[in-house]
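One-letter residues, chain by chain:
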Amino acid sequence: MALRKLVAGNWKMHGLSSDLGEVRAIAEGSRRYPTVDVALCLPAILIERAARAVPGFAIGAQDVHEAEQGAYTGCTSARQLLDAGASLTIVGHSERREGQYESNSQIKAKAEAALSCGLGVILCVGESLAVRETGRAVSTVEAQLDASLPDGFAEGLSVAYEPIWAIGTGKVPGVDDIAEMHAALRARLEAAYGDAGQSVRILYGGSVKASNAAEIFSVAHVDGALVGGASLKASDFLPIVAAAAAS
Ligand code: PGA
């Protein structure tokens, strides 16, 4: 089943209010590709202003806390993100799994908290170079997905396969490796959710750019992309959206 593609940008800890012009340019440019869902996951501090600047365009967060509210200094709840104008959030990015020591069970709780409020989720999984080199990439990522996938299917869930060694490095797995991993993840989603697992989009992330996007989008079970560095400028990002529309 061919799913509508989702191309989501992840600005990470980049961007100031002076960069809202790029958000506007991306939102306006994306209108030329109505067959593709496009989103920008921004630093929390920019979400509200961006959402006001581009009504109708999907603005997302990069993380969410699993609790509804409480004594969690520095954290943001799903309802707070919705209130600011976000419609989705990334959870389980490797930069949080590694840098903030987030566990699969915590990421699962975050995804469940977001989905239960109506916030879409991009749940990230991916292996390190050491794991890839020992030939255990597929089993490792399958186990990561199984342990971080929300209980019970909810619309609005997407999964992103992001090999850690491909993030920000310019290195990309071969199309056969992407195909093998995405097919494995599709099988795990079907095992968890039955037929509904066929409707969960599986994005690829890691050094996606205009020059490799068409090839990546041609791979079976690649239903979009999570784009870091190449999402900061409309001139880099919109050609990726165009490649998704053409695929
Ligand atoms: P990159 O980042 O496109 O800069 O490799 C992707 C990501 O971390 O989501």
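Being a predicted model, the structure only gives us computed values, none of them experimental.

Draft legend 1. Here's a closer look at the side chain of R132. Mapped onto the elements of the fold, R132 is located in helix α6 (residues 129–133). Reaching out from R132, the side chain makes a polar contact with the side chain of Y161 at a distance of 3.1 Å. The residues contacting R132, other than those within four sequence positions of it, are E127, A137, Y161, W165, D177 and M181.

Draft legend 2. Region of the structure containing the pairing of strand β2 (residues 37–41). β2 sits mainly inside the fold: four of its five residues count as buried. Relative to β2, strand β1 (residues 6–10) runs parallel, the two being bridged by five bridges. Each bridged residue has a counterpart across the sheet, and for L6 the counterpart in β2 is D37. For the handedness criterion, the β-α-β arrangement of β1, helix α1 (residues 20–30) and β2 is classed as right-handed. Two elements, β2 and strand β3 (residues 58–61), share three bridges in a ladder whose sense is parallel. Paired with A39 across the bridge in β3 is A58. One crossover worth recording links β2 to the parallel β3 by way of helix α2 (residues 44–53), and it is right-handed.

Draft legend 3. Structural detail: the pattern of salt bridges. Summed over all chains, the structure comprises 13 salt bridges. In this structure, R4 engages D37 in a salt bridge whose closest nitrogen and oxygen atoms are separated by 2.8 Å. On the criterion of sequence distance, the pair formed by R4 in the segment before β1 and D37 in strand β2 is long-range, its members being 33 residues apart. Looking at R4, the relative accessible area reads 42%, which means it is partly exposed.

Draft legend 4. Spatial organisation of the site of the ligand. Within the structure, the ligand sits among 13 residues, and K12, H93, E162, G168 and S207 are positioned closest to it. A distance of 2.7 Å is found between an oxygen atom of the ligand and a side-chain nitrogen or oxygen belonging to E162. G228 places a polar main-chain atom, nitrogen or oxygen, 2.8 Å from an oxygen atom of the ligand. Notes on the ligand: free accessible area 280 Å², of which the protein chains cover 95%. In terms of residue class, the shell around the ligand is made up of four nonpolar, seven polar and two charged.

Draft legend 5. Just the sheet that holds strand β8 (residues 224–227), in detail. Taking strand neighbours around the barrel as the criterion, the eight strands line up as β1-β2-β3-β4-β5-β6-β7-β8 in a closed arrangement whose pairing is parallel. The sheet shows a mean angle of 25° between the axes of neighbouring strands, direction not considered. As defined by bridge partners, strand β6 (residues 157–161) adjoins strand β7 (residues 201–205) across four bridges and the pair is classed as parallel. Directly across from A160, in β7, lies its bridge partner L203.

Parameters and conventions
- Residues numbered from 1 in each chain as written.
- Predicted model: local features only at pLDDT ≥ 70, side-chain atom pairs only at ≥ 80, totals over all residues.
- Heavy atoms only, no water.
- Helix = DSSP H or I, 4+ residues; strand = E, 2+ residues; numbered from the N terminus.
- Polar contact = N/O pair within 3.5 Å; in protein donor to acceptor, adjacent residues only side chain to side chain.
- Contact = heavy atoms within 4.5 Å.
- Buried < 20%, exposed > 50% of the residue type's maximum accessible area, 1.4 Å probe, protein only.
- Pairing = 2+ DSSP bridges.
- Right-handed = clockwise from strand over helix to strand, strands pointing away.
- Salt bridge = Lys/Arg side-chain N within 4 Å of Asp/Glu carboxyl O.
- Near = heavy atom within 4 Å.
- Areas by Shrake-Rupley, 256 points an atom, 1.4 Å probe, with all protein chains shown as cover.
- Nonpolar A, V, L, I, M, F, W, Y, C, P; charged D, E, K, R; others polar.
- Axes fitted to C-alpha atoms, helices over the stretch in contact; angles between N-to-C directions.

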